[in-house]
Amino acid sequence: MAGSINKVILIGRLGADPETRTFQNGGKVVNLRVATSERWKDRNTGEQQERTQWHSVAIFNEPVGRIAEQYLRKGSQVYLEGQLETRKWQDQSGQDRYSTEVVLRPYTGNMTLLDSRGGGGGQNDSYGSMGYDSGPSQGSPAPAPSRDYDDEIPF
């Protein structure tokens, strides 16, 4: 195998408002609990079935974290791209514990808000690794590049 890939893509809803923690060095992390659901019809009974998985997400990308703090709330739908990371920690009794979470870091994470703002427009706003301009100012996203293709193409 020439290389390896560690990439997670989630589309789900927040189970709680984002939680922000600040480190002693001034850095921040925004934590999310995201639910993804799978639905199907049972072949034997004909009843609808559903299975929900809960995912822990940690955003270490400060501009994306600010957007999450400002615009995401419990029930918000979001698209996330990140990497799986497992960290080791000790509980109060000194036992080693492990937590695996989806992590969004600078240059490797991406977040797209899938809910419309204020119930209007259905606009999706994407924030993440590339092309990110310090975030929305005054409550509105940075303008999108022009899609006006008036060039004469000779073929």
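Computed from a prediction, not measured in an experiment: that's the story for all the values here.

1. Some points on the overall build of the chain
- Check the secondary structure of the chain and you find one helix and eight strands.
- Ordering the α and β elements of the chain from the N terminus gives β-β-β-β-α-β-β-β-β.
- Looking at the chain as a whole, 29% of its 155 residues are labelled buried.
- Across the chain, the fraction of contacts at a sequence separation of at least 24, relative to all contacts at a separation of at least 6, is 51%.
- About 11,100 Å² of surface is accessible on the chain, with carbon and sulfur atoms providing 45% of the total.

2. Regarding empty space enclosed by the protein
- Evaluated as defined, the whole model comprises one cavity of 30 Å³ or more.
- Estimated volume of the largest cavity: approximately 50 Å³.
- Forming the boundary of the largest cavity are K28, V29, V30, I59, F60, N61, E62, G65, R66 and E69.
- Where the lining of the largest cavity is concerned, the elements lending two or more residues are β3 (28-41) and α1 (62-71).

3. Considerations on the packing of aromatic side chains
- Tallied over the entire structure, the rule returns one aromatic pair.
- Above the plane of the ring of F60 lies R105, whose end atom (NZ or CZ) is 4.6 Å from the centre.

4. Re the layout of surface pockets
- Here the second largest pocket is characterised by a volume of approximately 210 Å³.
- Together, 13 residues line the second largest pocket, and E19, N31, L32, R33 and S56 are the ones closest to its centre.
- When residues of the lining of the second largest pocket are traced back to their parent elements, those giving at least two are β2 (19-22), β3, β4 (48-59) and β6 (96-104).
- Classifying every residue of the lining of the second largest pocket by side-chain character gives three nonpolar, four polar and six charged.

5. Thoughts on the nonpolar core
- With 18 residues, the main nonpolar core has L32, V57, I59, L72, L80 and M111 as its most contacted residues.
- Among the secondary structure elements, those contributing two or more residues to this core are β1 (8-14), β3, β4, α1, β5 (77-90), β6 and β7 (110-113).
- Here V57 is in contact with L10, V30, N31, L32, V34, L80, V102 and L104, once residues within four sequence places are set aside.

6. A closer look at α1
- When we look at burial in α1, the residues that qualify are V64, G65, I67 and A68. For α1, the arc enclosing every buried residue in end-on projection is 160°, short of the 170-degree limit, so these residues lie on one face.

7. Quick word on the pattern of salt bridges
- Scanning all chains against the criterion turns up nine salt bridges.
- Across the pair E101 and R87 runs a salt bridge, and its minimum N-O distance is 3.1 Å. Remark: R87 occurs in strand β5 and E101 occurs in strand β6; sequence separation between them is 14 residues.
- The buried category is assigned to E101, whose relative accessible area is 8%.

8. Considerations on unusual backbone geometry
- Look at Y107: it is not a glycine, yet its phi comes out positive at around 75°.
- Mapped onto the fold, Y107 is located in the loop between β6 and β7.
- When its relative accessible area of 66% is taken as the criterion, Y107 is described as exposed.

9. Quick notes on the environment of L80
- Here L80 lies in strand β5.
- For L80, a relative accessible area of 1% corresponds to the buried category.
- Along the chain, L80 and V57 lie 23 residues apart, while their C-alpha atoms are 8.9 Å from each other.
- Those residues within four positions of L80 in sequence are excluded, and the remaining contacts are V8, I9, L10, L32, V34, V57, L104, N110 and M111.

The rules behind the values
- Residues numbered from 1 in each chain as written.
- Predicted model: local features only at pLDDT ≥ 70, side-chain atom pairs only at ≥ 80, totals over all residues.
- Heavy atoms only, no water.
- Helix = DSSP H or I, 4+ residues; strand = E, 2+ residues; numbered from the N terminus.
- Buried < 20%, exposed > 50% of the residue type's maximum accessible area, 1.4 Å probe, protein only.
- Contact = heavy atoms within 4.5 Å.
- Areas by Shrake-Rupley, 256 points an atom, 1.4 Å probe, with all protein chains shown as cover.
- 1 Å grid on protein atoms, 1.4 Å probe; cavity = no way out; pocket = protein on both sides within 12 Å on 5 of 7 lines; lining within 4 Å.
- Points joined across faces, edges and corners; volume = space filled by probe spheres on them.
- Phe/Tyr/Trp six-rings, centres within 6.5 Å; stacked < 30°, edge-to-face > 60°.
- Lys NZ or Arg CZ within 6 Å of the ring centre and 35° of its normal.
- Nonpolar A, V, L, I, M, F, W, Y, C, P; charged D, E, K, R; others polar.
- Core = buried A, V, L, I, M, F, W, Y, C linked by side-chain atoms within 4.5 Å.
- Arc of directions from axis to C-beta.
- Salt bridge = Lys/Arg side-chain N within 4 Å of Asp/Glu carboxyl O.

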